[in-house]
Amino acid sequence: RFGPKEYPLAHQQWLRFESPETSLELARAVWSQLQGHEIVVRGRRENKLEFVTAGGVDWREGINWDRMESTTVPGVHFAGEVLDVDGITGGFNFQGCWTTGYVAGCAAAEEFVVEPGG
């Protein structure tokens, strides 16, 4: 099993809460909930029943695409179907979600990374 202790990046974000003790309690509570959550996959629907979400954050303005970050509210990152981007069913939307999620995740993580000696 893995948790906050093994992943310093995940552990560092808890330091923002009140005290180290409170942070650790919160991290343990959330972690136990995540570990206890079971998802059962029973297959997939027919292709005609698959759909994408329409609407969302306007991609034409207010987004720094290099970081998938709001230009008006720094620190807020967008990915996937949160954006108002629709593609043809068949993997295009998945790729958009994966790519924007990766970019947004890396950019958001930069805030929590503590350089050695820093």
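Before any of the text, the structure's been laid out above.
Note that this is a predicted model, so its numbers are computed, not measured.

**Student:** Quick question: what am I supposed to make of the environment of G55 here?
**Tutor:** Of note, G55 is situated in the loop between helix 2 (20-36) and strand 1 (63-64). On the basis of relative accessible area, G55 is assigned to the partly exposed category, the value being 28%. With residues near it in sequence (within four places) discarded, G55 still touches E81, V82, L83 and D84.

**Student:** Explain the nonpolar core here, please?
**Tutor:** Soluble globular proteins tend to bury their nonpolar side chains together. Listed in full, the five residues of the largest apolar core are I63, M68, F78, L83 and A104. Filtering out sequence-adjacent residues up to four positions away, A104 remains in contact with R67, M68, H77, F78 and A79.

**Student:** What is the right way to read unusual backbone geometry from this model?
**Tutor:** Negative phi characterises most residues that are not glycine, and trans characterises most peptide bonds. Unlike most non-glycine residues, M68 shows phi in positive territory, near 50°. By the element assignment, M68 lies in the loop between strand 1 and strand 2 (69-70).

**Student:** For this particular structure, what's the right way to read a nonpolar patch on the surface?
**Tutor:** Together, L26, V30 and L34 make up a nonpolar patch on the protein surface, roughly 230 Å² of accessible area in all. With respect to the helices and strands, L26 occurs in helix 2.

**Student:** Help me out: how do you make sense of the packing of aromatic side chains in this one?
**Tutor:** Between two aromatic rings, the relevant description is the distance of the centres plus the angle of the planes. Enumeration over the complete set of coordinates arrives at one aromatic pair. Looking at R60, its charged tip hangs above the ring of W59, at a distance of 5.9 Å from the centre.

Rules used throughout
Residues take numbers from 1 onward in each chain, read along the sequence in its written order. In keeping with the predicted nature of the model, local features appear solely for residues at pLDDT of at least 70, side-chain atom pairs appear and are counted solely at 80 or more, and the whole-chain, interface and lining totals rest on all residues. Water and hydrogen atoms play no part in the side-chain values, which are based on all heavy atoms of the structure. Helix and strand assignments come from DSSP, with helices taken as H or I runs of at least 4 residues and strands as E runs of at least 2, each series counted from the N terminus. The buried label goes to any residue with under 20% of its type's maximum accessible area, the exposed label to any with over 50%, and the partly exposed label to all in between, with areas taken from a 1.4 Å probe on protein chains only. The criterion used for residue contact is that any of the two residues' heavy atoms lie within 4.5 Å. Only buried residues count toward a nonpolar core. Its members are Ala, Val, Leu, Ile, Met, Phe, Trp, Tyr and Cys residues joined through side-chain atoms within 4.5 Å. Patches here are clusters of residues that have more than 30% relative accessible area and form no salt bridge, with a 9 Å joining cutoff for like charges and a 5 Å cutoff for nonpolar side chains (Val, Leu, Ile, Met, Phe, Trp, Tyr). Values of accessible area rely on a 1.4 Å probe in the Shrake-Rupley scheme; residue burial ignores everything except the protein chains shown. What counts as a salt bridge is simple: a side-chain nitrogen of Lys or Arg found within 4 Å of a carboxyl oxygen of Asp or Glu. Between rings of Phe, Tyr and Trp, where Trp is taken as its six-membered ring, a pair exists when centres lie within 6.5 Å; planes separated by under 30 degrees are stacked, by over 60 edge-to-face, and by other angles tilted. A ring has a charge above it when a Lys NZ or an Arg CZ is no more than 6 Å from the ring centre and no more than 35 degrees off the ring normal.

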